[in-house]
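Chain by chain, the residues:
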Amino acid sequence: MSLLTSEQKQSLVNQGFLKVPGVIPPIMVDHAMRHINHSIGNGMNVEDITRYRAQSYCPELQGEAPIVDLFNQTPVKSMVDSLLGANNARPVNYGQIAIRFPSLQDPPGASSPHLDGMYSPHNGVPEGTIGNFTMLVGVLLSPVRQQQAGNFTVWPGTHRMYEQYFREHGADSLLKGMPPVELPQPVQTTGEPGDVFLVHYQLAHSVAPNVSPFPRYAIFFRVTHVDHHKDWRAPMTDIWLHWPGVK
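This text gives an overview of the structure that appears in the document. (Residues numbered from 1 in each chain as written. Predicted model: local features only at pLDDT ≥ 70, side-chain atom pairs only at ≥ 80, totals over all residues. Heavy atoms only, no water.)

**Focus on the overall build of the protein chain**
Argument step 1. Along the protein chain, the regular secondary structure elements total seven helices and eight strands.
Argument step 2. The globule rule puts the C-alpha radius of gyration for 247 residues at 18 Å, and the 17 Å found for the protein chain is close to it.
Argument step 3. The principal-axis extents of the C-alpha atoms in the protein chain amount to approximately 50 × 40 × 30 Å.
Argument step 4. Buried positions account for 48% of the 247 residues belonging to the protein chain.
Argument step 5. For the protein chain, the proportion of contacts with a sequence separation of at least 24, taken over those separated by at least 6, is 85%. (Helix = DSSP H or I, 4+ residues; strand = E, 2+ residues; numbered from the N terminus. Rg over C-alpha atoms; globule rule 2.2 N^0.38 Å. Buried < 20%, exposed > 50% of the residue type's maximum accessible area, 1.4 Å probe, protein only. Contact = heavy atoms within 4.5 Å.)

**A closer look at the sheet that holds strand β8 (residues 216–223)**
Argument step 1. One open sheet accounts for five strands, arranged β1-β6-β3-β8-β2; its pairing is antiparallel. Bordering the open sheet on either side are β1 (17–20) and β2 (96–100), each of which pairs with just one other strand. In this sheet, adjacent strand axes meet at a mean angle of 20° when their direction is disregarded.
Argument step 2. As judged from the four bridges shared by β1 and strand β6 (residues 196–200), these two strands associate in the antiparallel manner. (Pairing = 2+ DSSP bridges. Axes fitted to C-alpha atoms, helices over the stretch in contact; angles between N-to-C directions.)

**Comments concerning the environment of G191**
Argument step 1. Within the element layout of this structure, G191 appears in the loop between β5 (187–188) and β6.
Argument step 2. Since its relative accessible area comes to 5%, G191 is described here as buried.
Argument step 3. In this structure, the C-alpha to C-alpha distance between G191 and G22, residues 169 residues apart in sequence, is 9.3 Å.
Argument step 4. Those residues in contact with G191, other than ones at most four positions away along the chain, are K19, L140, S142, P143 and V144.

**Some points on the layout of surface pockets**
Gaps between atoms show up when a probe of the same size as a water molecule is rolled over them.
Argument step 1. Quantified by volume, the second largest pocket comes out at close to 170 Å³.
Argument step 2. In terms of lining, the second largest pocket is formed by S142, P143, V144, R145, Q146, A149, S212, P213, F214, P215 and R216.
Argument step 3. Of the residues belonging to the lining of the second largest pocket, the class tally is six nonpolar, three polar and two charged. (1 Å grid on protein atoms, 1.4 Å probe; cavity = no way out; pocket = protein on both sides within 12 Å on 5 of 7 lines; lining within 4 Å. Points joined across faces, edges and corners; volume = space filled by probe spheres on them. Nonpolar A, V, L, I, M, F, W, Y, C, P; charged D, E, K, R; others polar.)

**Focus: the pairing of β6**
Argument step 1. Counting buried residues along β6, five of its five residues qualify, which places the element largely inside the surrounding structure.
Argument step 2. Of the pairings in the sheet, the one linking strand β3 (residues 135–140) to β6 comprises five bridges and is antiparallel in character. In the strand pairing of β6, V137 is matched with L198.

**A few points about helix α5 (residues 75–84)**
Argument step 1. Within α5, seven of the ten residues are buried, leaving the element largely enclosed by the surrounding structure.
Argument step 2. Within α5 the residues assigned to the buried category are V76, M79, V80, D81, S82, L83 and L84.
Argument step 3. In the stretch just after α5, G85 is the one whose phi turns positive, near 100°.

**Considering the nonpolar core**
Argument step 1. Counting 43 residues, the largest nonpolar core has I36, V137, L141 and L198 as its most contacted members.
Argument step 2. Those residues within four positions of L198 in sequence are excluded, and the remaining contacts are L4, L12, G16, F17, L18, V20, M79, L83, M135, L136 and V137. (Core = buried A, V, L, I, M, F, W, Y, C linked by side-chain atoms within 4.5 Å.)

Okay, here's the thing in structure tokens:
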């Protein structure tokens, strides 16, 4: 598979995200699904479910080959390199196993936008800190062909809106909650197993309710530029600072 085209990169710059269809070979999707479903089949403790929703299901698999190979042994890694620069991303050694099970809530609730790395009681982020990074990479393992099916949901263009907000109010303002800006309409993405989403860290996103009969399976990888640790605030006010492939 060739690297991303100029048109794809421009779409990512404008929208804050890009869907690339058919990146992951079906045999690797099936391999990951087999291991995840085997883990779930062994049972889960009810008291762990809230933490699994916020962090990851099947935590014992997060760093294992069926999961991390979806990033490291596929064109995904080359795509990331084409955006952040060769060898500019820290090694990706684990993925979040994100399952959205069907809900019986009627009517379903609305999706609330967030940025990753903000503290909540169950997500593992220390209170009083921001655990930001550079790029979110999503891999679909199950088909999402309709709305309200656990869709990965985005608010296009909010990466630029938040950049301006943080320039005016400082990156630490995120500790007080999501920036109070007027948001565009959200987009519930759809896709097939093996599709990949490349997403700027600072794009508002969420997950749609799932009123379909089937769980939605996805893996999310959080990619960090090697220079991110030098000043975590800097890329929040200069969103393409660590993206030489599009800057």
